[in-house]
Every structure is written in C-alpha cells, then in structure tokens.
Amino acid sequence: MGDPIHILITGGAGQVGLELQAAAWPEGVVLHAPTRAELDLGDAASVRAAFAATPFAAVINSGAHTAVDKAESEVAAAFAANAMGPAVLADATREAGIPLIQVSTDYVFDGSKDGVYVETDPVGPLGVYGASKLAGELAVCAGNPRSVVLRTAWVLSVHRANFLKTMLRLAADRPAVRVVGDQHGCPTSARDIAAALKTITLRMIPDDGAPTGVYHFVNSGETTWAGLASDIFALSAASGGPSATVEAIASSDYPTPARRPTNSRLSTDKLTRDYAIAPRPWQAAVAEIVDALQAERTAA
C-alpha cells in the first residue's frame, strides 16, 4: 500500500457532506470532515494550521450558508461563508499545489432564460445567497487554477431539512398542500452529487491536466415544485407512507424574502463530455430517497 490520500471535506454535516462521507472511496483514501468549531473557513490562520497538520491531496468545499431567505438579512454571514471561505481555501490549496472542488448553485442565474442553462450563460443572481455563492465561484476560479466549481440545484436526500422531507411531514398532518407550480428545475440527489464530486476529485488528484472550471450537475429531466410534490406523494402512498393532494400555486401566491429563479434547469452535457458522468433521471433518485425514508419509518 502507498501513502494515504487525505481529502478535506468542508460542510461535512450538510446533505452533500454526509453523502460524501458515506460514499465508497478507494482503499487508502482518508476523509477529514472537521466541524466548524474545529476548522473556521473564515479564519485564514485556522485553515493554515489544518493544512500544516495534514498533507491534504484535495479539498471538497460543500459547506455554505444555505438559508436563502435568511441570507437577505444576514448579508455579512452569507458572504463570510459563501465567498470569503472559498477565497481562503483557494489561497491555501493553490499554495499547497492541490485541487479545490467547490459546490455552487443554480441561484447564480436569474431564471429568465428560455431553456436549460449552460456554464457560459450570463449570471445574474436575484438575491444575497446567489450573489454570495457567485462571489465564491469567482474567488475559487481566480485563486486556484486547479479548481472545479460544480453547480447543482434542488438538492434532496434522507438527511437534514429539504423539500422532499418537508412534503412528507406536511402530508402526515393535512390532506392537501399548496406548492409553487411555476418554477422549473431539476430535482437532484445529494448522493448523486457526492458520487460526481468523488469522480472529479479522484481524477484531479493525480492529473495536473484534468479539466477545470465551471460545471453543472443535476439529475436528468425537469419538473416544477408542484410536480415534484405529486411524484413524492405517489411514491409514498405506494409504499404505505403519508400522501396528500397538491394544489399548484403561483410564486406570487407564496411570497418569500428572497426571489427564486423561475427557471433552474441546468445542462450537464459539459460534465458528461469531460468527466464521463451521466446523471440518472430525477424520478429514480427521488424514488430511492422516498424508499429509504419509508424503510426508516418501518424500522422505527
């Protein structure tokens, strides 16, 4: 056996971070997922100390201030986590000569395009969250030439709070739910995002010439939030879980502090071309999560 390959995962307690830790990595890979108390990305000295203590081969930054509505009133906190943190990591990874893989979001777009977004489309975030994540992208791409930014959207999993789990919780208490039906996007499994990040990282570590830059990853296909809710309830009902009828409403009927893009559809063609990653349909990904949650309920 050769020397261990140490990979730093930030945001280890989030949906993607937890799936990264649960993934099957090759023998010899050692994952490090420190808590915020153990590693403060906003503190360059804290990051330097972590890098001095461990010879990391790569960093995957899946940490973020993801409370989209709260970000509108927590501007400094959002930019500290989503822009300054990646900037510090870009400096540290560049100095160490290792790759940085940064998770980003569809919220960098304004949603006005008629069709799927490609990586080169103009950005135009509608709120603080998207603006802070875009600033993080720019910091990573400018700060470390060996970096990949992976934008994703509509993240779902068995972990943490997310739309799928919220729908099942609401269905347990009420016969009908009102869900926005005029926002279009690609539901995406955190497990599948983690698998894509693993593939990218393992290629970038030994390959100085591996493709870099901005990429999109979402599960294939598209729907609306109302369409996704209907699918979730149909799957849940089929396995004896909670279900409800869905009333599709307009975004204007459900005002929030932060505006959401009406179109969050992302093209994954570039990722497939450069990294041979072909996302599965969102319906299969959602079914897997619903089944896992139902199994948890049955076991309990």
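These notes cover the structure that comes with them.

Rules used throughout
- Residues numbered from 1 in each chain as written.
- Predicted model: local features only at pLDDT ≥ 70, side-chain atom pairs only at ≥ 80, totals over all residues.
- Heavy atoms only, no water.
- Helix = DSSP H or I, 4+ residues; strand = E, 2+ residues; numbered from the N terminus.
- Rg over C-alpha atoms; globule rule 2.2 N^0.38 Å.
- Buried < 20%, exposed > 50% of the residue type's maximum accessible area, 1.4 Å probe, protein only.
- Contact = heavy atoms within 4.5 Å.
- Lys, Arg positive; Asp, Glu negative; His and termini not counted.
- Charge placed at Lys NZ, Arg CZ, Asp CG, Glu CD.
- Salt bridge = Lys/Arg side-chain N within 4 Å of Asp/Glu carboxyl O.
- Phe/Tyr/Trp six-rings, centres within 6.5 Å; stacked < 30°, edge-to-face > 60°.

**A word on the overall build of the chain**
- Each helix and strand counted, the chain has ten helices and twelve strands in total.
- For the chain, whose C-alpha radius of gyration is 19 Å, the value lies close to the compact-globule estimate of 19 Å for 300 residues.
- Considered along the principal axes of its C-alpha atoms, the chain spans approximately 55 × 40 × 40 Å.
- Going through the 300 residues of the chain one by one, you find that 51% of them count as buried.
- Within the chain, counting contacts between residues at least 6 apart in sequence, those at least 24 apart form 82% of the total.
- Put simply, the chain has 23 plus and 31 minus side-chain charges, and the middle of one group is 2 Å from the middle of the other.

**Some thoughts on the environment of Met167**
- By the element assignment, Met167 lies in helix 6 (residues 163-171).
- Residue Met167 is classed as buried on the basis of its relative accessible area, which comes to 6%.
- Distance from Met167 to Trp154, taken between C-alpha atoms, is 14 Å for residues 13 residues apart in sequence.
- In this view, Met167 contacts Val177, Val179, Ala229, Ile232 and Phe233; residues no more than four positions away in its chain are not counted.

**Some thoughts on the environment of Ala83**
- In this fold, Ala83 is placed in helix 4 (residues 75-96).
- With a relative accessible area of 8%, Ala83 lands in the buried category.
- For the pair Ala83 and Ala23, spaced 60 residues apart in sequence, the C-alpha to C-alpha distance is 27 Å.
- With residues up to four places along the chain from it excluded, the contact list for Ala83 reads Ala78, Ser132, Ala135, Gly136 and Ala139.

**Focus on the pattern of salt bridges**
- In the structure shown here, the tally under the stated rule is twelve salt bridges.
- A salt bridge links Glu288 to Arg191; the nearest nitrogen and oxygen atoms lie 3.8 Å apart. Taken together, the positions of Glu288 in helix 10 (residues 282-299) and Arg191 in helix 7 (residues 190-204) put the pair 97 residues apart, joining distant regions of the chain.
- Among the residues examined, Glu288 registers a relative accessible area of 30% and is labelled partly exposed.
- By relative accessible area, Arg191 is classed as partly exposed at 43%.
- Of the charged contacts in the structure, one is a salt bridge between Arg273 and Asp274, with a shortest N-O distance of 3.2 Å.
- Judged by its relative accessible area of 60%, Arg273 falls in the exposed class.
- On the accessibility criterion, Asp274 (19% relative accessible area) is buried.
- Counted as one network, the salt bridges with shared partners bring together Glu19, Arg191, Asp192, Arg280 and Glu288.

**Quick notes on the packing of aromatic side chains**
- Across all of its chains, the model carries six aromatic pairs by this definition.
- Between the aromatic rings of Tyr107 and Tyr129, the centroid separation amounts to 5.5 Å while the plane-to-plane angle is 75°, which identifies the pairing as edge-to-face. With Tyr107 in the loop between strand 4 (100-105) and helix 5 (128-143) and Tyr129 in helix 5, the pair connects residues that are 22 residues apart, well separated along the chain.
- For the pair Trp154 and Trp225, a centre-to-centre distance of 3.6 Å together with 15° between the ring planes defines the contact as stacked. With a gap of 71 residues between them, Trp154 in the loop between strand 5 (147-152) and strand 6 (155-156) and Trp225 in helix 8 (residues 225-238) connect regions that are remote in the sequence.
- According to the relative accessible area criterion, Trp154 is buried, its value standing at 8%.

Structural measurements only, silent on function.
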